[in-house]
Amino acid sequence: MRLDELQFSVEEHAYKRYCQRVEPVTREALLSLIGDQLQPGHYRQKGYLQLDGVWWRYSITNTVITLHTCYGRHHIDLPAAIRWAKQHRDRIVLGDLYGD
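As the structure is a prediction and not an experimental result, all values here were calculated from the model. (Residues numbered from 1 in each chain as written. Predicted model: local features only at pLDDT ≥ 70, side-chain atom pairs only at ≥ 80, totals over all residues. Heavy atoms only, no water.)

Attention now goes to the environment of Lys46. Locating Lys46 in the fold gives a position in the loop between β2 (43–45) and β3 (48–51). When the C-alpha positions of Lys46 and Tyr58 are compared, they lie 9.1 Å apart, and in sequence the two are twelve residues distant. (Helix = DSSP H or I, 4+ residues; strand = E, 2+ residues; numbered from the N terminus.)

Take the pattern of salt bridges next. Inspection of the entire model under this criterion finds two salt bridges. Notably, a salt bridge pairs Glu12 with Arg27, separated by 2.7 Å at the nearest N-O pair. With a gap of 15 residues between them, Glu12 in helix α1 (residues 12–21) and Arg27 in helix α2 (residues 27–37) connect regions that are remote in the sequence. When its relative accessible area of 24% is taken as the criterion, Arg27 is described as partly exposed. Residues Arg73 and Asp52 are paired through a salt bridge, measuring 3.7 Å at the closest nitrogen-oxygen approach. With a gap of 21 residues between them, Arg73 in strand β5 (residues 64–73) and Asp52 in the loop between β3 and β4 (54–61) connect regions that are remote in the sequence. A relative accessible area of 45% places Arg73 in the partly exposed class. A residue is classified by how much of its surface remains accessible, and Asp52, at 54% relative accessible area, is exposed. (Salt bridge = Lys/Arg side-chain N within 4 Å of Asp/Glu carboxyl O. Buried < 20%, exposed > 50% of the residue type's maximum accessible area, 1.4 Å probe, protein only.)

The full count for this structure, using the stated rule, is zero disulfides. Of all cysteine sulfurs, the one in Cys70 lies closest to Cys19, which takes part in no disulfide; the gap is 9.0 Å. (Disulfide = S-S within 2.5 Å.)

Averaged over the protein, the pLDDT score is 81; the fraction of residues at 70 or greater is 76%. When the elements of the protein are averaged for pLDDT, β2 gives the smallest value, 69, and α1 the largest, 95. (pLDDT = per-residue confidence, 0-100.)

This part takes up the environment of Ser9. Position of Ser9 relative to the elements: it lies in strand β1 (residues 7–10). C-alpha separation for the pair Ser9 and Ile65, spaced 56 residues apart in sequence, amounts to 6.4 Å. If near-sequence neighbours (up to four positions away) are discounted, Ser9 is found in contact with Val64, Ile65, Thr66 and Leu67. (Contact = heavy atoms within 4.5 Å.)

One finds Val10, Leu30, Ile34, Leu49, Trp56 and Leu67 to be the most contacted residues of the largest nonpolar core, which totals 16 residues. When contributions to this core are tallied by element, the ones reaching two or more residues are α1, α2, β3, β4 and β5. Setting aside its immediate chain neighbours within four residues, Leu67 contacts Ser9, Val10, Glu11, Ala14, Ile34, Leu49, Trp56, Arg57 and Tyr58. (Core = buried A, V, L, I, M, F, W, Y, C linked by side-chain atoms within 4.5 Å.)

Have a look at this one:
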């Protein structure tokens, strides 16, 4: 089954992180945006999903995709970076470095 054929939900944590790391939006606007972006051509890898440059951690149960957290918009291969950080007992800082 393709992701764009699934129902989806956004956990409260994922919604708050999206607003913090990408842009403040209403929950309804975010759900609409995600629904539009779940089209063929998005990138997913071992529990990570990239929609329009924004990385999410997700899981699929039956016919529902649940977005658990939002890592924000990154040009790097975030799953590989997280894997590397875990192997080296390091961390990745995803917030705004300049406090803007």
